[in-house]
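# Summary of the model geometry
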Amino acid sequence: MSHQLSVVIISHNEEKFIADAVKSASFADEVLVLDSGSTDETRSIAKNLGAKVMHQEWLGFGMQKNKAVELASNDWVFVLDSDERITPELQIEILNTLKNPMADGYYVARLNNFFGKYIRHCGLYPDCSIRLFNRQKGKFNDVTVHESVQIQGKTNKLKNHMLHFAFDTVEEFYNKQKKYAALSQKKKNLIKAFISPIWTFLKIYIVRLGFLEGWRGFVIAKVYAQYTFWKYYK
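Residues numbered from 1 in each chain as written. Predicted model: local features only at pLDDT ≥ 70, side-chain atom pairs only at ≥ 80, totals over all residues. Heavy atoms only, no water.

This part takes up the overall build of the chain. If you tally the helices and strands in the chain, you get seven helices and 11 strands. The C-alpha atoms of the chain give 18 Å as radius of gyration, which agrees with the globular expectation for 234 residues (17 Å, within 12%). Viewed in the frame of its principal axes, the chain has a C-alpha envelope of about 55 × 40 × 35 Å. Taking all contacts inside the chain whose residues are at least 6 apart in sequence as the whole, residues at least 24 apart take part in 72%. Within the structure as shown, the chain displays about 11900 Å² of accessible surface, and the carbon and sulfur contribution to it stands at 54%. The averaged location of the 24 negative side-chain charges in the chain is 8 Å from the averaged location of its 32 positive side-chain charges. (Helix = DSSP H or I, 4+ residues; strand = E, 2+ residues; numbered from the N terminus. Rg over C-alpha atoms; globule rule 2.2 N^0.38 Å. Contact = heavy atoms within 4.5 Å. Areas by Shrake-Rupley, 256 points an atom, 1.4 Å probe, with all protein chains shown as cover. Lys, Arg positive; Asp, Glu negative; His and termini not counted. Charge placed at Lys NZ, Arg CZ, Asp CG, Glu CD.)

In structure tokens, the structure reads:
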């Protein structure tokens, strides 16, 4: 018998994205949206599409996602961000996997869209992370940013990817990386602040073939290099 699935989504003022996220998850037995006080139409849009909407004051990324997982009705969960989409191919693979899971957690690749184009270079693909897992065997680590699921058991990887509409504009990308750098728990290190950005740029633009993405590859390499500088020079 196939295991039942809950797709969980955390949200805050995501009216632009939430409808398509919920629709892409509608194959699941439950879609749970844990909202942290949206002042736009996020909650009503999700409710109207059949999602279970609950409220939780913001706890930080890792803890907020753990709370959403805890509130789900089923042990098997898929954690989706509001700007991500589960493709039809991935839906089928998830359902087939849950008929007889051979692992406790599954890595899923993401195909990222930057400024209107899907990016397959720059080290941004396949961009794997554990998204489908049995909550009895895993949970998110408690970090302020770049949280990840830690599994006490066996892991495997799904073949199909999901889509991630990362950034519409360069300004949005720049501002988000500056915010993430401020949240980073790295200690100030002047040597790393000046050496790491150079390596970051060369790694993304040259080693990981970012130049094949045209101007977008240059911008991605440049902003991630700036992020590395901000992270260590604060």
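Next up on the list: the pattern of salt bridges. Within the structure shown, the criterion is met by 12 salt bridges. Between Arg-110 and Asp-127 there is a salt bridge, with its nearest N and O atoms 3.0 Å apart. Of this pair, Arg-110 sits in strand 6 (residues 105–114) while Asp-127 sits in the loop between strand 7 (117–119) and strand 8 (129–134), and the two are 17 residues apart along the sequence. You can call Asp-127 partly exposed: its relative accessible area is 28%. When salt bridges with common partners are traced through the structure, they connect Glu-84, Arg-110, Asp-127 and Arg-131 into a single cluster. (Salt bridge = Lys/Arg side-chain N within 4 Å of Asp/Glu carboxyl O. Buried < 20%, exposed > 50% of the residue type's maximum accessible area, 1.4 Å probe, protein only.)

What follows is about a nonpolar patch on the surface. Nonpolar side chains collect at one region of the surface, where Ile-198, Trp-199, Leu-202, Ile-206, Val-207, Leu-209, Phe-211 and Leu-212 lie side by side and expose about 760 Å² of accessible area between them. Assignment of secondary structure puts Leu-212 in the loop between helix 6 (190–207) and helix 7 (215–232). (Patch = residues over 30% accessible without salt bridge, like charges linked within 9 Å, V, L, I, M, F, W, Y side chains within 5 Å.)

A separate point is the packing of aromatic side chains. One pass over the structure, following the stated rule, counts 19 aromatic pairs. Aromatic ring contacts, followed pair by pair, group Phe-114, Phe-115, Phe-167, Phe-173, Trp-215 and Tyr-224 into a single cluster. Sitting above the plane of the Tyr-125 ring, Arg-120 keeps its charged end 5.1 Å from the centroid. In this arrangement the basic side chain of Lys-188 is found over the ring face of Tyr-233, its NZ or CZ atom lying 4.9 Å from the centre. (Phe/Tyr/Trp six-rings, centres within 6.5 Å; stacked < 30°, edge-to-face > 60°. Lys NZ or Arg CZ within 6 Å of the ring centre and 35° of its normal.)

Moving on, we come to unusual backbone geometry. Residue Pro-126 is reached from Tyr-125 by a cis peptide bond, and omega for that bond is 15°. Residues other than glycine seldom take positive phi values, yet Cys-122 does so here, at roughly 70°. Its location among the elements puts Cys-122 in the loop between strand 7 and strand 8.

This brings us to the nonpolar core. Counting residues in each nonpolar core, the largest one holds 27 residues, and the members touching the most others are Leu-5, Phe-78 and Ile-94. Those elements giving two or more residues to this core turn out to be strand 1 (5–11), helix 1 (18–24), strand 2 (30–35), strand 4 (76–79), helix 4 (88–97), strand 6 and strand 11 (155–167). Among residues more than four places away in sequence, those in contact with Leu-5 are Phe-27, Ala-28, Asp-29, Glu-30, Asn-74, Trp-76, Val-77, Phe-78, Ile-94, Leu-98 and Leu-132. (Core = buried A, V, L, I, M, F, W, Y, C linked by side-chain atoms within 4.5 Å.)

The next thing to look at is helix 5 (residues 170–183). A rise of 1.5 Å per residue sets the reference length of helix 5, with its 14 residues, at 20 Å; its end C-alpha atoms lie 20 Å apart and thus fit the reference within 8%. Here helix 5 has its buried residues at Phe-173, Gln-177, Tyr-180 and Ala-181. Down the axis, helix 5 shows its buried residues gathered within 100° of arc, on one side only. Exposed and oriented more than 90 degrees from the buried face of helix 5 are Glu-171 and Ala-182. Among the structural elements, strand 6, strand 11 and helix 7 are those in contact with the buried residues of helix 5. (Expected span 1.5 Å × (residues − 1). Arc of directions from axis to C-beta.)

Here Asp-168 is to be found in the loop between strand 11 and helix 5. Spatially, the C-alpha atoms of Asp-168 and Ala-109 are 20 Å apart, while their sequence positions differ by 59 residues. Apart from the residues lying within four places of it in its own chain, the contact partners of Asp-168 are Lys-16 and Phe-115.

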